[in-house]
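Listed here are the chains, written in short residue letters.
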Amino acid sequence: FYRSIYPDGYDVTIPFGLEEYKEKFVELFPHEKKGIEEFMEMCQAVLAGIEYIASRGGKFSPQEILKEHPWLPRISGITLSDLFDKFFKDKKLIALISQLWGYVGLPPDQMNAYVYVAMIIFYLKWGAAFPEGRSHSFSHAMVQAFKELGGDVRYNALVNRILVENERVAGVELINGDVYQCKAVISNVNPICTAMKMLPQDKVPEEYLRKIYAPEIGPSGFSVYIGLNASYEELGLSAHETFINTTYDMNEAFETFRKLEPPKYMVAACYNHIYEDISPPGTTQLVLTTLQMGKLWQNISADQYFKVKDRIADEMVSIVEKTICPNIRDYIEVAEAATPLTYYRYSKNIEGAIYGTTQDVTNGPMLRLKSRGAIPGLYQVGAWTNFGGGFSTTIVGGRIAAGMYLKDKKEDRW
Ligand SMILES: Cc1cc2nc3c(=O)[nH]c(=O)nc-3n(C[C@H](O)[C@H](O)[C@H](O)COP(=O)(O)OP(=O)(O)OC[C@H]3O[C@@H](n4cnc5c(N)ncnc54)[C@H](O)[C@@H]3O)c2cc1C
(Lines give C-alpha, C1' and ligand atoms only; values in the text may rest on other atoms or scores of the structure.)
Protein backbone atom coordinates (compact mmCIF):
# COMPACT_ATOMS: atom_id res chain seq x y z
CA PHE A 1 0.00 0.00 0.00
CA TYR A 2 2.68 2.49 1.06
CA ARG A 3 6.11 2.78 2.59
CA SER A 4 6.73 5.38 5.30
CA ILE A 5 10.01 6.84 6.42
CA TYR A 6 10.49 9.04 9.48
CA PRO A 7 13.38 11.20 10.76
CA ASP A 8 14.45 8.68 13.43
CA GLY A 9 15.02 6.04 10.74
CA TYR A 10 11.66 4.32 11.31
CA ASP A 11 10.95 2.68 7.94
CA VAL A 12 7.88 0.53 7.44
CA THR A 13 5.81 -0.78 4.54
CA ILE A 14 2.06 -1.15 4.96
CA PRO A 15 0.40 -3.85 2.81
CA PHE A 16 -2.82 -3.67 0.82
CA GLY A 17 -5.91 -5.70 1.79
CA LEU A 18 -8.20 -5.39 4.78
CA GLU A 19 -6.76 -8.29 6.78
CA GLU A 20 -3.13 -7.65 5.82
CA TYR A 21 -3.44 -3.98 6.77
CA LYS A 22 -4.99 -4.76 10.14
CA GLU A 23 -2.49 -7.51 10.91
CA LYS A 24 0.46 -5.28 10.04
CA PHE A 25 -0.71 -2.54 12.39
CA VAL A 26 -1.33 -5.08 15.16
CA GLU A 27 2.15 -6.54 14.57
CA LEU A 28 3.73 -3.07 14.77
CA PHE A 29 1.63 -1.85 17.70
CA PRO A 30 0.51 -4.94 19.70
CA HIS A 31 -0.36 -2.77 22.71
CA GLU A 32 -3.02 -1.05 20.53
CA LYS A 33 -4.60 -4.30 19.25
CA LYS A 34 -8.06 -3.59 20.66
CA GLY A 35 -8.17 -0.05 19.25
CA ILE A 36 -6.94 -1.21 15.84
CA GLU A 37 -9.61 -3.92 15.65
CA GLU A 38 -12.34 -1.51 16.72
CA PHE A 39 -11.11 1.08 14.23
CA MET A 40 -11.29 -1.47 11.41
CA GLU A 41 -14.81 -2.47 12.49
CA MET A 42 -15.81 1.18 12.42
CA CYS A 43 -14.34 1.54 8.90
CA GLN A 44 -16.42 -1.45 7.76
CA ALA A 45 -19.53 0.06 9.33
CA VAL A 46 -18.89 3.31 7.45
CA LEU A 47 -18.47 1.36 4.22
CA ALA A 48 -21.78 -0.43 4.85
CA GLY A 49 -23.43 2.97 5.32
CA ILE A 50 -21.96 4.36 2.10
CA GLU A 51 -23.00 1.24 0.19
CA TYR A 52 -26.50 1.54 1.62
CA ILE A 53 -26.80 5.18 0.49
CA ALA A 54 -25.45 4.26 -2.96
CA SER A 55 -27.94 1.37 -3.24
CA ARG A 56 -30.78 3.81 -2.50
CA GLY A 57 -29.62 6.15 -5.26
CA GLY A 58 -29.12 8.85 -2.63
CA LYS A 59 -32.75 8.55 -1.42
CA PHE A 60 -32.76 7.90 2.32
CA SER A 61 -34.13 9.46 5.46
CA PRO A 62 -31.70 11.00 7.98
CA GLN A 63 -33.50 9.08 10.78
CA GLU A 64 -32.81 5.82 8.98
CA ILE A 65 -29.10 6.64 8.73
CA LEU A 66 -28.92 7.72 12.37
CA LYS A 67 -30.49 4.44 13.44
CA GLU A 68 -28.88 1.96 11.04
CA HIS A 69 -25.55 3.60 10.22
CA PRO A 70 -24.73 5.90 13.16
CA TRP A 71 -21.00 6.02 12.38
CA LEU A 72 -21.67 7.98 9.20
CA PRO A 73 -23.11 11.12 10.84
CA ARG A 74 -20.83 10.66 13.86
CA ILE A 75 -17.61 10.93 11.87
CA SER A 76 -18.88 13.56 9.45
CA GLY A 77 -18.75 16.30 12.06
CA ILE A 78 -15.39 15.62 13.74
CA THR A 79 -11.75 15.92 12.78
CA LEU A 80 -9.63 12.90 12.01
CA SER A 81 -7.56 13.57 15.15
CA ASP A 82 -10.72 13.50 17.28
CA LEU A 83 -11.65 10.19 15.70
CA PHE A 84 -8.21 8.64 16.21
CA ASP A 85 -8.25 9.76 19.86
CA LYS A 86 -11.24 7.46 20.37
CA PHE A 87 -9.21 4.43 19.26
CA PHE A 88 -5.49 5.03 19.74
CA LYS A 89 -2.98 6.45 22.21
CA ASP A 90 0.35 5.77 20.48
CA LYS A 91 1.41 8.90 18.56
CA LYS A 92 3.59 6.86 16.20
CA LEU A 93 0.62 4.70 15.25
CA ILE A 94 -1.49 7.81 14.66
CA ALA A 95 1.22 9.29 12.40
CA LEU A 96 1.56 6.06 10.42
CA ILE A 97 -2.16 5.44 9.98
CA SER A 98 -2.64 9.11 8.97
CA GLN A 99 0.11 8.88 6.38
CA LEU A 100 -2.15 9.52 3.38
CA TRP A 101 -3.30 12.90 4.77
CA GLY A 102 -1.57 14.65 1.88
CA TYR A 103 -4.04 13.00 -0.53
CA VAL A 104 -6.73 15.16 1.07
CA GLY A 105 -4.52 18.18 1.66
CA LEU A 106 -5.14 18.80 5.37
CA PRO A 107 -3.47 17.44 8.53
CA PRO A 108 -5.62 15.23 10.82
CA ASP A 109 -6.19 18.12 13.26
CA GLN A 110 -8.18 19.89 10.54
CA MET A 111 -9.38 17.13 8.23
CA ASN A 112 -12.94 15.86 8.13
CA ALA A 113 -12.75 12.32 9.55
CA TYR A 114 -15.33 10.96 7.12
CA VAL A 115 -13.21 11.86 4.09
CA TYR A 116 -10.19 9.95 5.37
CA VAL A 117 -12.07 6.89 6.60
CA ALA A 118 -13.95 6.59 3.30
CA MET A 119 -10.68 6.90 1.35
CA ILE A 120 -8.87 4.26 3.45
CA ILE A 121 -11.68 1.73 3.40
CA PHE A 122 -12.17 2.12 -0.37
CA TYR A 123 -8.46 1.50 -0.93
CA LEU A 124 -8.45 -1.52 1.36
CA LYS A 125 -11.61 -3.03 -0.05
CA TRP A 126 -11.11 -2.35 -3.75
CA GLY A 127 -7.43 -1.52 -4.09
CA ALA A 128 -5.97 1.31 -6.13
CA ALA A 129 -5.51 1.59 -9.88
CA PHE A 130 -3.08 3.22 -12.28
CA PRO A 131 -4.35 3.87 -15.82
CA GLU A 132 -2.32 1.90 -18.34
CA GLY A 133 -0.67 4.53 -20.51
CA ARG A 134 -0.74 7.14 -17.67
CA SER A 135 -3.60 9.39 -16.61
CA HIS A 136 -3.84 11.02 -20.01
CA SER A 137 -4.99 7.72 -21.52
CA PHE A 138 -7.82 7.79 -19.00
CA SER A 139 -9.00 11.21 -20.21
CA HIS A 140 -8.56 9.98 -23.77
CA ALA A 141 -10.75 6.91 -23.11
CA MET A 142 -13.47 9.16 -21.69
CA VAL A 143 -13.34 11.37 -24.77
CA GLN A 144 -13.61 8.29 -27.01
CA ALA A 145 -16.64 7.03 -25.09
CA PHE A 146 -18.24 10.48 -25.22
CA LYS A 147 -17.72 10.67 -28.99
CA GLU A 148 -19.08 7.17 -29.53
CA LEU A 149 -22.22 8.25 -27.72
CA GLY A 150 -22.64 11.19 -30.09
CA GLY A 151 -20.69 13.86 -28.21
CA ASP A 152 -18.47 16.44 -29.86
CA VAL A 153 -15.30 17.74 -28.21
CA ARG A 154 -13.66 21.13 -28.89
CA TYR A 155 -10.07 21.53 -27.74
CA ASN A 156 -8.34 24.83 -26.99
CA ALA A 157 -11.75 26.33 -26.50
CA LEU A 158 -11.60 28.52 -23.43
CA VAL A 159 -15.07 29.56 -22.31
CA ASN A 160 -15.25 33.23 -21.45
CA ARG A 161 -18.92 33.79 -20.66
CA ILE A 162 -22.04 31.80 -19.89
CA LEU A 163 -24.92 33.45 -21.71
CA VAL A 164 -28.15 34.06 -19.82
CA GLU A 165 -31.63 34.67 -21.15
CA ASN A 166 -34.86 34.78 -19.15
CA GLU A 167 -32.89 34.10 -15.95
CA ARG A 168 -31.52 30.80 -17.23
CA VAL A 169 -28.59 29.41 -19.23
CA ALA A 170 -28.78 30.17 -22.95
CA GLY A 171 -25.29 29.27 -24.18
CA VAL A 172 -21.56 29.90 -23.89
CA GLU A 173 -19.21 32.33 -25.55
CA LEU A 174 -15.59 31.34 -26.08
CA ILE A 175 -12.63 33.65 -25.63
CA ASN A 176 -12.32 33.85 -29.44
CA GLY A 177 -15.92 35.08 -29.69
CA ASP A 178 -17.52 31.84 -30.94
CA VAL A 179 -20.98 31.32 -29.47
CA TYR A 180 -22.69 27.99 -28.76
CA GLN A 181 -26.35 28.13 -27.85
CA CYS A 182 -27.64 25.54 -25.40
CA LYS A 183 -30.13 24.99 -22.62
CA ALA A 184 -27.71 23.58 -20.09
CA VAL A 185 -24.06 23.95 -19.13
CA ILE A 186 -22.16 21.51 -16.92
CA SER A 187 -19.14 23.49 -15.76
CA ASN A 188 -15.91 21.82 -14.68
CA VAL A 189 -14.34 25.26 -14.27
CA ASN A 190 -13.98 26.06 -10.56
CA PRO A 191 -17.24 27.47 -9.15
CA ILE A 192 -15.77 30.84 -8.14
CA CYS A 193 -14.66 31.50 -11.69
CA THR A 194 -17.87 30.02 -13.15
CA ALA A 195 -20.10 32.22 -11.01
CA MET A 196 -17.99 35.34 -10.68
CA LYS A 197 -16.33 35.62 -14.06
CA MET A 198 -18.55 33.80 -16.50
CA LEU A 199 -22.01 34.81 -15.30
CA PRO A 200 -23.38 38.36 -15.23
CA GLN A 201 -22.88 39.48 -11.62
CA ASP A 202 -26.47 40.47 -10.98
CA LYS A 203 -27.59 36.93 -11.83
CA VAL A 204 -25.72 35.15 -9.03
CA PRO A 205 -27.90 34.73 -5.90
CA GLU A 206 -26.41 35.97 -2.59
CA GLU A 207 -26.87 32.56 -1.02
CA TYR A 208 -24.82 30.91 -3.76
CA LEU A 209 -22.06 33.47 -3.32
CA ARG A 210 -21.85 32.64 0.38
CA LYS A 211 -21.57 28.94 -0.45
CA ILE A 212 -18.69 29.36 -2.86
CA TYR A 213 -16.74 31.87 -0.79
CA ALA A 214 -17.16 30.38 2.70
CA PRO A 215 -14.75 27.41 2.44
CA GLU A 216 -11.01 27.93 2.28
CA ILE A 217 -9.15 27.21 -0.94
CA GLY A 218 -7.00 24.10 -0.59
CA PRO A 219 -3.37 23.52 -1.49
CA SER A 220 -1.75 23.16 -4.86
CA GLY A 221 1.17 20.86 -5.59
CA PHE A 222 4.87 20.95 -6.30
CA SER A 223 6.27 17.99 -8.22
CA VAL A 224 9.63 16.93 -9.60
CA TYR A 225 9.39 14.47 -12.48
CA ILE A 226 12.65 12.55 -12.75
CA GLY A 227 13.96 10.17 -15.43
CA LEU A 228 16.71 7.88 -14.09
CA ASN A 229 19.05 5.72 -16.17
CA ALA A 230 18.96 2.66 -13.90
CA SER A 231 16.25 0.18 -12.95
CA TYR A 232 14.32 0.72 -9.73
CA GLU A 233 15.82 -2.50 -8.35
CA GLU A 234 19.34 -1.13 -8.88
CA LEU A 235 18.30 2.15 -7.29
CA GLY A 236 16.79 0.40 -4.27
CA LEU A 237 13.36 1.96 -4.75
CA SER A 238 11.44 -0.80 -3.03
CA ALA A 239 7.89 0.58 -3.12
CA HIS A 240 5.55 2.24 -5.55
CA GLU A 241 4.58 4.95 -3.08
CA THR A 242 7.12 6.05 -0.45
CA PHE A 243 6.19 8.81 1.97
CA ILE A 244 9.18 10.67 3.34
CA ASN A 245 8.45 12.51 6.59
CA THR A 246 11.09 14.69 8.20
CA THR A 247 8.87 15.19 11.26
CA TYR A 248 6.21 13.19 13.11
CA ASP A 249 4.28 16.42 13.67
CA MET A 250 1.78 16.66 10.83
CA ASN A 251 0.78 20.24 11.68
CA GLU A 252 4.42 21.26 11.44
CA ALA A 253 4.66 19.46 8.08
CA PHE A 254 1.50 21.23 6.87
CA GLU A 255 3.04 24.58 7.79
CA THR A 256 5.87 23.95 5.31
CA PHE A 257 3.23 24.09 2.54
CA ARG A 258 2.89 27.78 3.39
CA LYS A 259 6.62 28.42 3.08
CA LEU A 260 9.21 28.29 0.33
CA GLU A 261 11.38 25.84 2.21
CA PRO A 262 12.20 22.11 2.09
CA PRO A 263 8.99 20.14 2.62
CA LYS A 264 8.62 18.02 5.74
CA TYR A 265 6.17 15.71 3.97
CA MET A 266 6.54 14.41 0.45
CA VAL A 267 5.82 11.31 -1.56
CA ALA A 268 8.13 9.58 -4.02
CA ALA A 269 6.11 7.60 -6.56
CA CYS A 270 7.92 5.03 -8.67
CA TYR A 271 5.44 4.00 -11.34
CA ASN A 272 7.68 1.27 -12.82
CA HIS A 273 6.59 -0.92 -9.91
CA ILE A 274 3.07 -1.16 -11.25
CA TYR A 275 3.49 -0.27 -14.91
CA GLU A 276 6.66 -1.70 -16.37
CA ASP A 277 6.36 0.04 -19.74
CA ILE A 278 6.23 3.53 -18.29
CA SER A 279 9.90 3.97 -19.20
CA PRO A 280 12.37 1.97 -21.35
CA PRO A 281 14.04 -1.14 -19.85
CA GLY A 282 16.85 -0.26 -17.44
CA THR A 283 15.37 3.16 -16.63
CA THR A 284 13.04 4.45 -13.93
CA GLN A 285 10.49 7.20 -13.60
CA LEU A 286 10.27 8.78 -10.16
CA VAL A 287 7.88 11.57 -9.25
CA LEU A 288 8.42 13.55 -6.05
CA THR A 289 5.37 15.46 -4.89
CA THR A 290 4.62 17.75 -1.99
CA LEU A 291 1.91 20.34 -1.45
CA GLN A 292 2.27 24.11 -1.61
CA MET A 293 -0.21 26.92 -1.15
CA GLY A 294 -0.80 28.57 -4.50
CA LYS A 295 -0.95 32.10 -3.06
CA LEU A 296 2.69 31.82 -2.06
CA TRP A 297 3.71 31.39 -5.68
CA GLN A 298 1.59 34.26 -6.96
CA ASN A 299 3.85 36.62 -5.04
CA ILE A 300 7.16 35.44 -6.52
CA SER A 301 8.51 37.91 -9.05
CA ALA A 302 9.09 36.65 -12.59
CA ASP A 303 12.88 36.99 -12.34
CA GLN A 304 12.94 34.87 -9.15
CA TYR A 305 10.51 32.16 -10.25
CA PHE A 306 12.97 29.73 -11.89
CA LYS A 307 15.50 30.18 -9.08
CA VAL A 308 12.95 29.33 -6.39
CA LYS A 309 11.53 26.46 -8.42
CA ASP A 310 14.99 24.92 -9.01
CA ARG A 311 15.98 25.38 -5.37
CA ILE A 312 12.92 23.58 -4.02
CA ALA A 313 13.26 20.80 -6.61
CA ASP A 314 16.91 20.40 -5.60
CA GLU A 315 16.00 20.29 -1.90
CA MET A 316 13.48 17.55 -2.59
CA VAL A 317 16.09 15.51 -4.44
CA SER A 318 18.41 15.98 -1.43
CA ILE A 319 15.73 14.54 0.86
CA VAL A 320 15.54 11.45 -1.39
CA GLU A 321 19.34 11.26 -1.36
CA LYS A 322 19.38 11.20 2.44
CA THR A 323 16.64 8.60 2.77
CA ILE A 324 15.73 6.13 0.04
CA CYS A 325 18.28 6.53 -2.76
CA PRO A 326 21.76 7.81 -1.74
CA ASN A 327 23.22 7.98 -5.26
CA ILE A 328 20.16 9.33 -7.07
CA ARG A 329 22.04 12.29 -8.57
CA ASP A 330 24.41 9.96 -10.45
CA TYR A 331 21.47 8.52 -12.37
CA ILE A 332 19.32 11.56 -13.17
CA GLU A 333 19.04 11.95 -16.91
CA VAL A 334 16.18 14.42 -16.92
CA ALA A 335 14.24 16.33 -14.26
CA GLU A 336 11.32 18.69 -14.69
CA ALA A 337 9.51 20.53 -11.92
CA ALA A 338 5.90 21.70 -11.74
CA THR A 339 4.78 24.43 -9.34
CA PRO A 340 1.35 25.76 -8.33
CA LEU A 341 1.66 28.15 -11.28
CA THR A 342 2.07 25.16 -13.62
CA TYR A 343 -1.05 23.56 -12.17
CA TYR A 344 -2.90 26.86 -12.51
CA ARG A 345 -1.76 27.16 -16.12
CA TYR A 346 -3.17 23.78 -17.10
CA SER A 347 -6.29 23.58 -14.95
CA LYS A 348 -7.13 27.28 -14.43
CA ASN A 349 -8.07 26.34 -10.88
CA ILE A 350 -7.79 29.32 -8.56
CA GLU A 351 -4.39 29.28 -6.81
CA GLY A 352 -3.66 26.07 -8.74
CA ALA A 353 -5.68 24.20 -6.08
CA ILE A 354 -5.58 20.52 -6.98
CA TYR A 355 -8.37 19.39 -4.63
CA GLY A 356 -10.61 22.48 -4.72
CA THR A 357 -11.70 23.84 -1.35
CA THR A 358 -10.35 22.23 1.84
CA GLN A 359 -12.20 19.25 3.30
CA ASP A 360 -12.43 20.32 6.93
CA VAL A 361 -15.32 19.52 9.28
CA THR A 362 -17.47 22.28 7.80
CA ASN A 363 -16.82 21.24 4.21
CA GLY A 364 -17.01 17.44 4.01
CA PRO A 365 -19.05 15.65 1.33
CA MET A 366 -22.35 16.26 3.16
CA LEU A 367 -21.91 20.04 3.30
CA ARG A 368 -19.75 20.62 0.24
CA LEU A 369 -21.06 22.60 -2.72
CA LYS A 370 -23.43 20.44 -4.77
CA SER A 371 -23.86 20.18 -8.53
CA ARG A 372 -26.84 22.50 -8.87
CA GLY A 373 -25.29 25.71 -10.17
CA ALA A 374 -26.00 29.38 -9.56
CA ILE A 375 -28.85 29.68 -12.08
CA PRO A 376 -31.29 27.25 -13.77
CA GLY A 377 -29.60 25.18 -16.46
CA LEU A 378 -26.16 25.46 -14.86
CA TYR A 379 -24.51 22.47 -13.17
CA GLN A 380 -21.18 22.41 -11.39
CA VAL A 381 -18.76 19.49 -11.25
CA GLY A 382 -15.14 18.83 -10.33
CA ALA A 383 -12.98 18.79 -7.22
CA TRP A 384 -14.66 21.86 -5.72
CA THR A 385 -18.00 20.06 -5.49
CA ASN A 386 -19.65 16.91 -4.12
CA PHE A 387 -16.97 14.49 -2.87
CA GLY A 388 -13.93 16.68 -3.40
CA GLY A 389 -10.66 16.21 -5.27
CA GLY A 390 -9.24 13.08 -6.84
CA PHE A 391 -10.06 11.03 -9.89
CA SER A 392 -12.76 8.68 -8.61
CA THR A 393 -14.49 11.34 -6.52
CA THR A 394 -14.73 13.83 -9.39
CA ILE A 395 -15.97 11.08 -11.71
CA VAL A 396 -18.75 10.17 -9.27
CA GLY A 397 -19.55 13.89 -8.92
CA GLY A 398 -19.80 14.11 -12.72
CA ARG A 399 -22.28 11.24 -12.73
CA ILE A 400 -24.39 13.02 -10.14
CA ALA A 401 -24.49 16.20 -12.24
CA ALA A 402 -25.35 14.23 -15.38
CA GLY A 403 -28.18 12.47 -13.50
CA MET A 404 -29.45 15.82 -12.23
CA TYR A 405 -29.43 17.26 -15.74
CA LEU A 406 -31.26 14.24 -17.22
CA LYS A 407 -33.87 14.31 -14.46
CA ASP A 408 -34.46 18.04 -14.95
CA LYS A 409 -34.84 17.43 -18.66
CA LYS A 410 -37.22 14.51 -18.19
CA GLU A 411 -39.35 16.45 -15.75
CA ASP A 412 -39.38 19.34 -18.16
CA ARG A 413 -38.03 21.67 -15.51
CA TRP A 414 -36.81 24.07 -18.14
C1 LIG B 1 0.65 16.11 -9.29
C2 LIG B 1 -0.74 15.64 -9.00
C3 LIG B 1 -0.95 14.31 -8.67
C4 LIG B 1 -2.23 13.86 -8.39
N5 LIG B 1 -2.40 12.54 -8.12
C6 LIG B 1 -3.64 12.05 -7.96
C7 LIG B 1 -3.83 10.65 -7.79
O8 LIG B 1 -2.89 9.86 -7.79
N9 LIG B 1 -5.10 10.20 -7.62
C10 LIG B 1 -6.17 11.04 -7.63
O11 LIG B 1 -7.29 10.58 -7.49
N12 LIG B 1 -6.01 12.38 -7.79
C13 LIG B 1 -4.78 12.90 -7.96
N14 LIG B 1 -4.60 14.25 -8.14
C15 LIG B 1 -5.76 15.15 -8.01
C16 LIG B 1 -6.63 15.11 -9.25
O17 LIG B 1 -5.83 15.20 -10.40
C18 LIG B 1 -7.61 16.31 -9.23
O19 LIG B 1 -8.26 16.41 -7.98
C20 LIG B 1 -8.65 16.14 -10.32
O21 LIG B 1 -8.03 16.01 -11.58
C22 LIG B 1 -9.58 17.33 -10.36
O23 LIG B 1 -10.46 17.13 -11.43
P24 LIG B 1 -11.46 18.23 -11.93
O25 LIG B 1 -12.42 17.54 -12.82
O26 LIG B 1 -11.99 18.99 -10.77
O27 LIG B 1 -10.71 19.29 -12.79
P28 LIG B 1 -9.29 19.54 -13.37
O29 LIG B 1 -8.57 18.25 -13.57
O30 LIG B 1 -8.68 20.62 -12.57
O31 LIG B 1 -9.66 20.09 -14.80
C32 LIG B 1 -10.30 21.31 -15.06
C33 LIG B 1 -10.40 21.44 -16.56
O34 LIG B 1 -11.14 22.60 -16.88
C35 LIG B 1 -10.51 23.24 -17.97
N36 LIG B 1 -10.87 24.66 -17.95
C37 LIG B 1 -10.60 25.57 -16.99
N38 LIG B 1 -11.10 26.77 -17.32
C39 LIG B 1 -11.72 26.61 -18.51
C40 LIG B 1 -12.46 27.50 -19.37
N41 LIG B 1 -12.65 28.77 -19.07
N42 LIG B 1 -12.95 26.99 -20.53
C43 LIG B 1 -12.77 25.69 -20.86
N44 LIG B 1 -12.10 24.81 -20.08
C45 LIG B 1 -11.59 25.27 -18.93
C46 LIG B 1 -9.03 23.00 -17.74
O47 LIG B 1 -8.30 23.16 -18.93
C48 LIG B 1 -9.03 21.57 -17.23
O49 LIG B 1 -8.95 20.65 -18.28
C50 LIG B 1 -3.33 14.75 -8.43
C51 LIG B 1 -3.13 16.08 -8.79
C52 LIG B 1 -1.85 16.52 -9.08
C53 LIG B 1 -1.66 17.95 -9.49
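Residues numbered from 1 in each chain as written. Predicted model: local features only at pLDDT ≥ 70, side-chain atom pairs only at ≥ 80, totals over all residues. Heavy atoms only, no water.

Trainee: Got a sec to walk through a nonpolar patch on the surface? Specific residues and values, please.
Mentor: A contiguous nonpolar patch, built from Phe138, Met142, Phe391 and Ile395 and spanning about 360 Å² of accessible area, is present on the exposed surface. Elements represented by at least two residues in the nonpolar patch include exactly α8 (135-148) and α17 (391-410). Looking at the element boundaries, Ile395 is found in helix α17. Under the relative-accessibility criterion, Ile395 is labelled partly exposed at 31%. (Patch = residues over 30% accessible without salt bridge, like charges linked within 9 Å, V, L, I, M, F, W, Y side chains within 5 Å. Areas by Shrake-Rupley, 256 points an atom, 1.4 Å probe, with all protein chains shown as cover. Salt bridge = Lys/Arg side-chain N within 4 Å of Asp/Glu carboxyl O. Helix = DSSP H or I, 4+ residues; strand = E, 2+ residues; numbered from the N terminus. Buried < 20%, exposed > 50% of the residue type's maximum accessible area, 1.4 Å probe, protein only.)

Trainee: Please give an account of unusual backbone geometry that cites residues and values.
Mentor: Of note, Asn156 is a non-glycine position whose phi angle comes to about 50°, a positive value. By the element assignment, Asn156 lies in the loop between α8 and β3 (159-165). The phi torsion at Glu351 lies on the positive side, around 60°, for a residue other than glycine. Structurally, the position occupied by Glu351 is in the loop between α16 (340-347) and β12 (378-380).

Trainee: Any details on the site of the ligand? Residues and values, ideally.
Mentor: Close contacts around the ligand come from 20 residues, with Asn349, Ile354, Ala383, Gly390 and Phe391 the closest. Between the ligand and Val159, the relevant distance is 2.8 Å, taken from a nitrogen atom to a main-chain nitrogen or oxygen of the residue. Take Gly390: an N or O atom from its main chain is 2.8 Å from an oxygen atom of the ligand. Computed on the free molecule, the ligand has an accessible area of 1,000 Å², of which 64% lies beneath the protein chains in the complex. Where the shell around the ligand is concerned, the elements lending two or more residues are β7 (220-228), α16 and α17. Take the shell around the ligand: its biggest share by element is three residues, from α16. Here the residues of the shell around the ligand sort into 11 nonpolar, eight polar and one charged. When residues are assigned to domains, the shell around the ligand turns out to be shared by domain 2 (135-215 + 368-410) and domain 3 (220-347), each giving three or more. (Near = heavy atom within 4 Å. Polar contact = N/O pair within 3.5 Å; in protein donor to acceptor, adjacent residues only side chain to side chain. Nonpolar A, V, L, I, M, F, W, Y, C, P; charged D, E, K, R; others polar. Domains from an automatic or database assignment.)

Trainee: Give me helix α7 (residues 113-126): which residues, what numbers.
Mentor: Across its 14 residues, α7 extends 20 Å between first and last C-alpha, which sits within 8% of the 20 Å expected from 1.5 Å per residue. Counted residue by residue, α7 has 10 buried out of 14 residues, so it is predominantly covered. By the burial criterion, the buried members of α7 are Ala113, Tyr114, Val115, Tyr116, Val117, Ala118, Met119, Ile120, Ile121 and Leu124. Capping the start of α7 is the job of one residue whose side-chain oxygen sits 2.9 Å from the backbone nitrogen of Tyr114: Asn112. Looking one or two residues beyond α7, the residue adopting positive phi is Gly127, at roughly 80°. (Expected span 1.5 Å × (residues − 1).)

Trainee: Can you lay out the sheet that holds strand β1 (residues 2-5) for me, pointing to particular residues and giving the numbers?
Mentor: Two orientations exist for strands paired in a sheet by backbone hydrogen bonds: parallel and antiparallel. Strand order across the open sheet formed by seven strands is β2-β1-β8-β9-β10-β7-β11, with mixed pairing between neighbours. Since the sheet does not close on itself, it has two edges, and those belong to β2 (11-14) and β11 (332-338), each with one partner. On average, each strand axis in the sheet is tilted by 20° relative to the strand beside it, whichever way the strands run. One ladder, built from four bridges, connects strand β9 (residues 265-270) with strand β10 (residues 284-292); its direction is antiparallel. Residue pairing for β10: Ala269 is matched across the bridge by Val287. On top of the sheet, helix α1 (residues 18-28) reaches β1 and β2; it is set at about 155° to β2, its chief contact. Sheet contacts for α16: β7, β10 and β11; angle to β7, the most-contacted strand, approximately 100°. (Pairing = 2+ DSSP bridges. Axes fitted to C-alpha atoms, helices over the stretch in contact; angles between N-to-C directions. Contact = heavy atoms within 4.5 Å.)

Trainee: Hey, could you go over the pairing of β1 for me, with residue numbers and the actual values?
Mentor: Side-chain alternation along β1 places Tyr2 and Ser4 on one buried face and Arg3 and Ile5 on a second face that is also buried. A loop of five residues connects β1 with β2, the two strands running antiparallel in sequence, and Gly9 in this loop sits at a positive phi of about 90°. The pairing of β1 with strand β8 (residues 241-245) spans three bridges and is parallel. Looking at the pairing, Arg3 lines up with Thr242 of β8.

Trainee: Residues and numbers for the domain arrangement of the chain, please.
Mentor: Split by domain assignment, the chain resolves into domain 1 (10-126), domain 2 (135-215 + 368-410) and domain 3 (220-347). If you average the C-alpha positions of domain 2 and of domain 3, the two centres end up 32 Å apart.

Trainee: I'd love a proper account of the sheet that holds β3, names of residues and values included.
Mentor: Taken in spatial order, the three strands of this open sheet run β3-β4-β5, and their pairing is antiparallel. A single partner strand is all that each edge strand has here, and the edge strands are β3 and β5 (179-181). Taking the axes of each pair of neighbouring strands and ignoring which way they run, one obtains an average angle of 25° across the sheet. Pairing analysis gives six bridges linking β3 to strand β4 (residues 168-174), with the strands arranged antiparallel. Note on β4: the bridge partner recorded for Val159 is Leu174.

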